[in-house]
Each structure stands twice: as C-alpha cells, then as structure tokens.
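Reading the structure
Listed below are the residues making up each chain.
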Amino acid sequence: MAVLATADRQRIWRGLMRYWSKKLEAVGVTKDDLQAAVNAADDWADAAATSFNSALPTAFRTSATASQKAVLLAIVVLARFDVPTVKSIIGEVD
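Note that this is a predicted model, so its numbers are computed, not measured. (Residues numbered from 1 in each chain as written. Predicted model: local features only at pLDDT ≥ 70, side-chain atom pairs only at ≥ 80, totals over all residues. Heavy atoms only, no water.)

Looking at the layout of surface pockets
- Each pocket or cavity is described by its volume, and for the largest pocket that value is around 1300 Å³.
- Lining the largest pocket are 31 residues; nearest its centre among them are A41, A45, A70, L73 and A74.
- Mapped by element, the contributors of at least two residues to the lining of the largest pocket are α1 (6–22), α2 (31–55) and α4 (66–79).
- By residue number, the principal contributor to the lining of the largest pocket is α2, which donates ten residues.
- Across the lining of the largest pocket, the residue classes tally to 22 nonpolar, three polar and six charged. (1 Å grid on protein atoms, 1.4 Å probe; cavity = no way out; pocket = protein on both sides within 12 Å on 5 of 7 lines; lining within 4 Å. Points joined across faces, edges and corners; volume = space filled by probe spheres on them. Helix = DSSP H or I, 4+ residues; strand = E, 2+ residues; numbered from the N terminus. Nonpolar A, V, L, I, M, F, W, Y, C, P; charged D, E, K, R; others polar.)

Laid out in structure tokens, this is it:
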C-alpha cells in the first residue's frame, strides 16, 4: 500500500491540531514539526507493512483485508496509550 496523498497527510495534521486543542493538550512542537511527524509516521507505516503482515497469524493474515489489518494495528497501538478513545471507536473494551 502506498503512502498517503499529501492532501490526506494535511487532513491528519489539521485533525491532530484540532484534537489536541480541544483536549487542551499542548504538544510543544511547531506546526511544521507536527506535519513532519505525520509524514514520518506514514512513511514508517509504509516501510513496516510487510513486517507487520508477516507477524500476523496465518489465518488472519490470509483472511483479513488490508483495511482490517490496518484497523487492528491502529486500535492495538492506540489502546496502549488512550483507552477512552478506543472505546469511543469500537465500544467497551474491558
């Protein structure tokens, strides 16, 4: 899967700025730094996709769609740091 289009990366960047602003959570970086971080995260995800896919159990790897695998990774990583947001996406997780 290819990296996100520039417009999509910018949507994420703007969304993150709004999200943290609403939470009154200072990030302590410039807008340019945040955009560079979004780009780096997307580039890393692209480079690591094959490794992640290989790490999945065969049954899931061969049956799940690329989108389902991406949601799995996103939810697992997010749950490590922000369970309330995961709950708002997929419901109760306890």
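Considering the environment of A36
- Checked against the element boundaries, A36 lands in helix α2.
- For the pair A36 and A74, spaced 38 residues apart in sequence, the C-alpha separation works out to 20 Å.

Here's the deal with the packing of α4 against helix α5 (residues 83–90)
- Viewed as axis vectors pointing N to C, α4 and α5 meet at an angle of 145 degrees, and their least axial separation amounts to 8 Å. In this structure, α4 uses I75, L78 and A79 to contact α5, whose residues at the interface are V83, T85, V86, I89 and I90.
- Considering only residue class, the contact of α4 with α5 consists of seven nonpolar, one polar and no charged. (Axes fitted to C-alpha atoms, helices over the stretch in contact; angles between N-to-C directions. Contact = heavy atoms within 4.5 Å.)

Comments concerning the confidence of the model for the protein
- When the pLDDT values of the protein are averaged, the result is 92; 97% of them are 70 or greater.
- Across the protein, element-level confidence peaks in helix α3 (residues 58–63) with a mean pLDDT of 97 and bottoms out in α5 with 90. (pLDDT = per-residue confidence, 0-100.)

Overview of α2
- The end-to-end C-alpha distance of α2, which contains 25 residues, comes to 34 Å, matching closely the 36 Å that a straight helix rising 1.5 Å per residue would cover.
- Largest kink in α2: about 50 degrees, centred on A48.
- Among the residues of α2, those classed as buried are L34, Q35, V38, D42 and A48.
- Check the buried side of α2 and you find it contacts α1. (Expected span 1.5 Å × (residues − 1). Bend = angle between axes of the 7 residues up to and from the residue. Buried < 20%, exposed > 50% of the residue type's maximum accessible area, 1.4 Å probe, protein only.)

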